[in-house]
Amino acid sequence: KQKTAYEMRESDWSSDVCSSDLFPSHDKRILVLGITPEWSYPVAIEKNLELTIADEKSAEKLNRIAAENSKVAKIHLRLDTGMNRIGFKVGRPEEFKEVIRRIDLMLNLKIQSVYSHYSASEDAQLCSVQTSKFMAATDGINFPRHIASSKAARIINQDPFDYVRVGIELFGLDNPILNRRPLS
């Protein structure tokens, strides 16, 4: 039986959800793109999951929990450049850069990358605005940067960035080249 989020939270999450069957020992990097609830930080740290951090308070709490467990948590900082869901606000790039400096000084966190997400990858003009915001906020920062999904990477030049996140196109969806074949 699948459990609700509430049932998982109230149970021993480490044995019910993150059993060895679900998260076997792995040598792959796993980035959690969404927000990880704070109550699950200990298991995420134990399982070496790389977490998205979208605000300084979450970074402080994760740093404290990692320290209590004598671990260093790997994190990716999410910027909100226009999707308006989650992420550090980038209206004032210098303030954001100061936040990154403070987080980088936290001993039990290791920043792996800084990223954002295009709100409409088919809209080149909007993507250009978001790219400009992202570049301004991350200029001079010495961490890998990424902003594009696989769809956006086909449409928008990604030369200034370090990664492309392969998403729905990995399954052959939303790709005009693969969608040309009739379904049988």
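The structure this text deals with has already been given above.
Summary of the structure given here.

What counts, and where the lines are drawn
Residues numbered from 1 in each chain as written. Predicted model: local features only at pLDDT ≥ 70, side-chain atom pairs only at ≥ 80, totals over all residues. Heavy atoms only, no water. Salt bridge = Lys/Arg side-chain N within 4 Å of Asp/Glu carboxyl O. Helix = DSSP H or I, 4+ residues; strand = E, 2+ residues; numbered from the N terminus. Buried < 20%, exposed > 50% of the residue type's maximum accessible area, 1.4 Å probe, protein only. Expected span 1.5 Å × (residues − 1). Contact = heavy atoms within 4.5 Å. Polar contact = N/O pair within 3.5 Å; in protein donor to acceptor, adjacent residues only side chain to side chain.

Some words on the pattern of salt bridges
Step number 1: Under the defined criterion, the tally for this structure stands at nine salt bridges.
Step number 2: Put simply, Arg64 and Glu68 hold a salt bridge, and the shortest N to O gap is 2.8 Å. With Arg64 and Glu68 both in helix α4 (residues 56–68) and four residues apart, this pair spans about one turn of that helix.
Step number 3: For Arg64, a relative accessible area of 41% gives the class partly exposed.
Step number 4: Judged by relative accessible area, Glu68 falls into the exposed class, the value being 54%.
Step number 5: When the shortest N-O distance is used, the salt bridge between Glu95 and Arg92 registers 3.8 Å.
Step number 6: The exposure class of Glu95 is partly exposed, given its relative accessible area of 48%.

A few points about α4
The α-helix advances 3.6 residues per turn, and as a result positions three or four apart in sequence lie on the same side.
Step number 1: The terminal C-alpha atoms of α4, which comprises 13 residues, lie 19 Å apart, in line with the 18 Å expected from a rise of 1.5 Å per residue.
Step number 2: Residues Glu56, Ser58, Ala59, Leu62, Asn63, Ile65 and Ala66 constitute the buried set of α4.
Step number 3: Turning to α4, the residues buried within the fold contact α3 (41–46), β2 (50–53), β3 (73–80), β4 (88–89), α5 (93–104) and β5 (109–115).
Step number 4: Sitting at the amino-terminal end of α4 is Asp55, which places a side-chain oxygen 3.2 Å from the backbone nitrogen of Lys57.
Step number 5: Remark: Ser70 follows α4 within two positions and exhibits a positive phi of approximately 55°.

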